[in-house]
Amino acid sequence: KQEVTQIPAALSVPEGENLVLNCSFTDSAIYNLQWFRQDPGKGLTSLLLIQSSQREQTSGRLNASLDKSSGRSTLYIAASQPGDSATYLCALNNAGNMLTFGGGTRLMVKP
Amino acid sequence: DGGITQSPKYLFRKEGQNVTLSCEQNLNHDAMYWYRQDPGQGLRLIYYSQIVNDFQKGDIAEGYSVSREKKESFPLTVTSAQKNPTAFYLCASSMGGGTNIQYFGAGTRLSVL
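Description of the structure in this document.

Overview of the overall build of chain A
Broken down by element type, chain A carries zero helices and 11 strands. The secondary structure elements of chain A, listed N-terminal to C-terminal, are β-β-β-β-β-β-β-β-β-β-β. Relative to the globule expectation of 13 Å for 111 residues, the C-alpha radius of gyration of chain A, 13 Å, shows essentially globular dimensions. For chain A, the C-alpha atoms occupy an extent of roughly 40 × 25 × 20 Å along the three principal directions. Out of the 111 residues belonging to chain A, those deemed buried represent 47%. Accessible area for chain A stands at about 5,100 Å²; split by element, carbon and sulfur atoms hold 50% of it.

Next comes the structure, spelled out in structure tokens:
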């Protein structure tokens, strides 16, 4: 059974810092991996999707990488802004589009 | 305005009562999903449906029921058998198949009176 872990659980940084969020998983037989953003009390917004055959995806200041052999993905946020404050969730798609989620990293970017 | 609509935003359940959460999508997606999120935790899959009139249990289906009579609708009933229903419930949809992005609604927060 797939297990997904996100470290750290919470992170506080000053505005302008570059930062890395980590996601590790136990089963490398995946179709894809997604990174989501969740604002307090809201639904999820998909940020990046990396297919199994890809190594990374980029969108603006966000870059996500995937290393199946080590069971790891990272989300890199460049030049962080207060508006980036949210919870970031990674989710693995093993089969049939069923997602297994990590517990999330709660990010606070201070002005 | 395309998307997924969940209602109500807040819901309160009395002891022994069944309550139904609504999820409607106008994205013409085949697949729909229900997740539960507890404070500070990730999402866990309750039920999913890949096609109309068909659905399967997820990891935590006990105490819940669903129906999929129409492509655009996938209501979730929290029954009295669910002893700890307080949580944030999220509905999602996707085009189906193995590699498609899931799109999420804004969620329903259920509390017990």
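Quick word on the packing of aromatic side chains
For any pair of aromatic rings, the description rests on two quantities: the centre-to-centre distance and the angle between the ring planes. Within the structure shown, the criterion is met by eight aromatic pairs over all chains. Look at F36 of chain A and F104 of chain B: their rings are 5.4 Å apart centre to centre, the planes differ by 85 degrees, and that puts the pair in the edge-to-face class. With F36 of chain A in strand β4 (residues 32-38) and F104 of chain B in strand β10 (residues 103-104), this residue pair bridges two chains. Look at Y33 of chain B and Y35 of chain B: their rings are 6.4 Å apart centre to centre, the planes differ by 25 degrees, and that puts the pair in the stacked class. Each member of the pair Y33 of chain B and Y35 of chain B is classed as buried. Clustering of aromatic rings is evident, with ring pairs tying together F36 and F101 of chain A together with Y33, Y35 and F104 of chain B. Between R68 of chain B and the ring centre of F74 of chain B, over which it is positioned, the NZ or CZ distance is 6.0 Å.

Description of the pattern of salt bridges
Here the structure, examined in full by the defined rule, presents five salt bridges over all chains. Of the charged contacts, one joins D84 of chain A and R61 of chain A as a salt bridge, the two residues approaching to 2.8 Å between their closest N and O atoms. Within this pair, whereas D84 of chain A is found in the loop between β8 (72-77) and β9 (86-95), its partner R61 of chain A is found in the loop between β6 (56-59) and β7 (62-67), the two being separated by 23 residues in sequence. Take D84 of chain A: its relative accessible area is 7%, and that puts it in the buried class. A relative accessible area of 28% places R61 of chain A in the partly exposed class. Within this structure, R36, D38 and R44 of chain B form a network of salt bridges that share partners.

Quick look at a nonpolar patch on the surface
A cluster of nonpolar side chains, namely Y10, F12 and L113 of chain B, defines an oily patch on the protein surface of about 380 Å² accessible area. With respect to the helices and strands, the residue F12 of chain B is situated in strand β2 (residues 10-13).

So, the side chain of Q34 of chain A
Here Q34 of chain A shows up in strand β4. What makes Q34 of chain A buried here is its relative accessible area of 1%. Within the structure, Q34 of chain A has its side chain in polar contact with the side chain of S46 of chain A (distance 3.0 Å). Apart from residues lying up to four places away in sequence, Q34 of chain A is in contact with S46, L48, L49, L89, C90, A91 and L99 of chain A together with I101 and Q102 of chain B.

Side note on the pairing of strand β11 (residues 108-112) of chain B
Residue and element names in this part refer to chain B. Taken together, the four bridges between β2 and β11 define a ladder with parallel strand orientation. Residue pairing for β11: R13 is matched across the bridge by V112. In terms of strand pairing, strand β9 (residues 87-94) meets β11 through three bridges, oriented antiparallel. When the bridges of β11 are listed, A87 appears paired with L110.

Structural notes on the state of the cysteines
Under the defined criterion, the tally for this structure stands at two disulfides over all chains. With a sulfur-sulfur separation of 2.0 Å, C23 of chain A is cross-linked through a disulfide to C90 of chain A. One disulfide, between C23 of chain A and C90 of chain A, carries an S-S torsion of 75 degrees and so falls in the right-handed class. Of this pair, C23 of chain A sits in strand β3 (residues 19-25) while C90 of chain A is found in strand β9, placing the two residues 67 residues apart along the sequence. Residue classification places C23 of chain A among the buried residues on the basis of a relative accessible area of 1%. What pairs with C23 of chain B in a disulfide is C91 of chain B, and their sulfur atoms sit 1.9 Å apart. Since a negative S-S torsion denotes a left-handed disulfide, the C23 of chain B-C91 of chain B link at about -75 degrees is left-handed. Linking C23 of chain B in strand β3 (residues 19-25) with C91 of chain B in strand β9, this pair joins segments that are 68 residues apart in sequence.

Criteria and thresholds
- Residues numbered from 1 in each chain as written.
- Chains lettered and ligands numbered in written order.
- Predicted model: local features only at pLDDT ≥ 70, side-chain atom pairs only at ≥ 80, totals over all residues.
- Heavy atoms only, no water.
- Helix = DSSP H or I, 4+ residues; strand = E, 2+ residues; numbered from the N terminus.
- Rg over C-alpha atoms; globule rule 2.2 N^0.38 Å.
- Buried < 20%, exposed > 50% of the residue type's maximum accessible area, 1.4 Å probe, protein only.
- Areas by Shrake-Rupley, 256 points an atom, 1.4 Å probe, with all protein chains shown as cover.
- Phe/Tyr/Trp six-rings, centres within 6.5 Å; stacked < 30°, edge-to-face > 60°.
- Lys NZ or Arg CZ within 6 Å of the ring centre and 35° of its normal.
- Salt bridge = Lys/Arg side-chain N within 4 Å of Asp/Glu carboxyl O.
- Patch = residues over 30% accessible without salt bridge, like charges linked within 9 Å, V, L, I, M, F, W, Y side chains within 5 Å.
- Polar contact = N/O pair within 3.5 Å; in protein donor to acceptor, adjacent residues only side chain to side chain.
- Contact = heavy atoms within 4.5 Å.
- Pairing = 2+ DSSP bridges.
- Disulfide = S-S within 2.5 Å.

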